[in-house]
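# Report on the structure
Residue strings, one per chain:
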Amino acid sequence: MTLVFELMQIALTAAPWLLLGLVIAGLIKAWLPEHLLQRWMGGQGLGSVVRAAVIGMPLPLCSCGAIPTAIALHRGGAGRGPTTSFLISTPGVGVDSILLTSVLLGPLMAVVRVAGALITAVVTGLLVGLTREAETPALATPGGCCASSGCHEPHAEPVGLKAGLRYAFSDLLDDISAWMFAGLLLAGVLVTLVPPDTLANYSGGLLALALMAVVGIPLYICAAAATPVAAGLLLAGISPGMALVFLLAGPITSLATLAILRRELGNPALAVYLVSVLAMTVLLGWAFDVVLGMTGWNPVEQASDVQELLPVWLEWLALGGLALVAVRPVRRRLLGF
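The present account deals with the structure reproduced in this document. (Residues numbered from 1 in each chain as written. Predicted model: local features only at pLDDT ≥ 70, side-chain atom pairs only at ≥ 80, totals over all residues. Heavy atoms only, no water.)

### A word on helix α11 (residues 240-252)
An α-helix turns once per 3.6 residues; consequently, residues spaced three or four apart project the same way. Here α11 contains 13 residues, and its C-alpha end-to-end distance of 18 Å stays within 8% of the 18 Å for a straight helix at 1.5 Å per residue. Summarising burial for α11: 13 of the 13 residues are buried, a large majority. (Helix = DSSP H or I, 4+ residues; strand = E, 2+ residues; numbered from the N terminus. Expected span 1.5 Å × (residues − 1). Buried < 20%, exposed > 50% of the residue type's maximum accessible area, 1.4 Å probe, protein only.)

This is the structure in structure tokens:
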């Protein structure tokens, strides 16, 4: 019963913010055309790499969903540096995961997560941009990387509000729903069965941070689903820096991403990409732990304060709505898609 209670508490806290994130994702899908992305991501310099990272952050795409978009943009004129930056920042954070991080881990963790994803994307993009251009093969979509039909190429023109919301509450929700449930379940198990400070002896230090990065890099988990898992790990005793490493390394890449990156940009680019992502996530996690140790800030206490903002009835309403639209036959009957 304790597990069910903890699971429901986490789900209720997350539901309104996930619902809001999906709505915002639908609006972005509806009104952001591809030709603007290609124009903003042109060139090879620092400005292009930074723009690509900033543009990619709010977009509603998971790791595998970002692959065909990034490669299509690259073949449409985007440089290899901006392409890499976009490929990291897009799945690393999104409007839904930022809102969830603010609620489950606190505003400080949300800000640091966004900043960490931005820094990792920019640094890695700049380094990959220095590698030799590889021959461009035919684009192959990685098999089995998405939960449903979420591996979409970018739309040429704005698709309209209705189509954007249909995308958010069908394709995108189908992509993340199974992972969200798994993430919530794992978070509930960690909070229930792992006493506080159990993992404290295994956290802290560069070796532990590197181990977390090595575990997270090949893992396929979307940014939203990674958030409750990180919250459960943090409550179980790992350091905030280790939680940050998991939040960065897990969503921003996967084995599918690595395979397509190697095929499209070549082995030197892949090697630079891996080393940069590993080094940057570990250094950011270490720096975060150092700063927290100096200031005494507690992200868990911040999260507790934020979780009390919304009334319980609204949380139940949002959770019920999400549960209904997550079931495809019910969604088709209610919404028509």
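What follows continues from the structure just given.
### Points about the environment of V111
Assignment of secondary structure puts V111 in helix α7 (residues 107-129). A residue is classified by how much of its surface remains accessible, and V111, at 57% relative accessible area, is exposed. Distance from V111 to I98, taken between C-alpha atoms, is 8.3 Å for residues 13 residues apart in sequence.

### A few points about the pattern of salt bridges
Applying the stated criterion across every chain yields a total of 2 salt bridges. With a closest N to O distance of 3.4 Å, D174 and R328 form a salt bridge. With D174 in helix α8 (residues 161-193) and R328 in helix α16 (residues 328-335), this pair connects stretches of sequence that are 154 residues apart. Judged by its relative accessible area of 10%, D174 is buried. A relative accessible area of 37% places R328 in the partly exposed class. D174 is the salt-bridge partner of R331, the closest N and O atoms lying 3.0 Å from each other. Of the two residues, R331 is situated in helix α16 and D174 in helix α8; the sequence distance between them amounts to 157 residues. D174 shares its class with R331; the two are buried. One network of salt bridges, in which partners are shared, links D174, R328 and R331. (Salt bridge = Lys/Arg side-chain N within 4 Å of Asp/Glu carboxyl O.)

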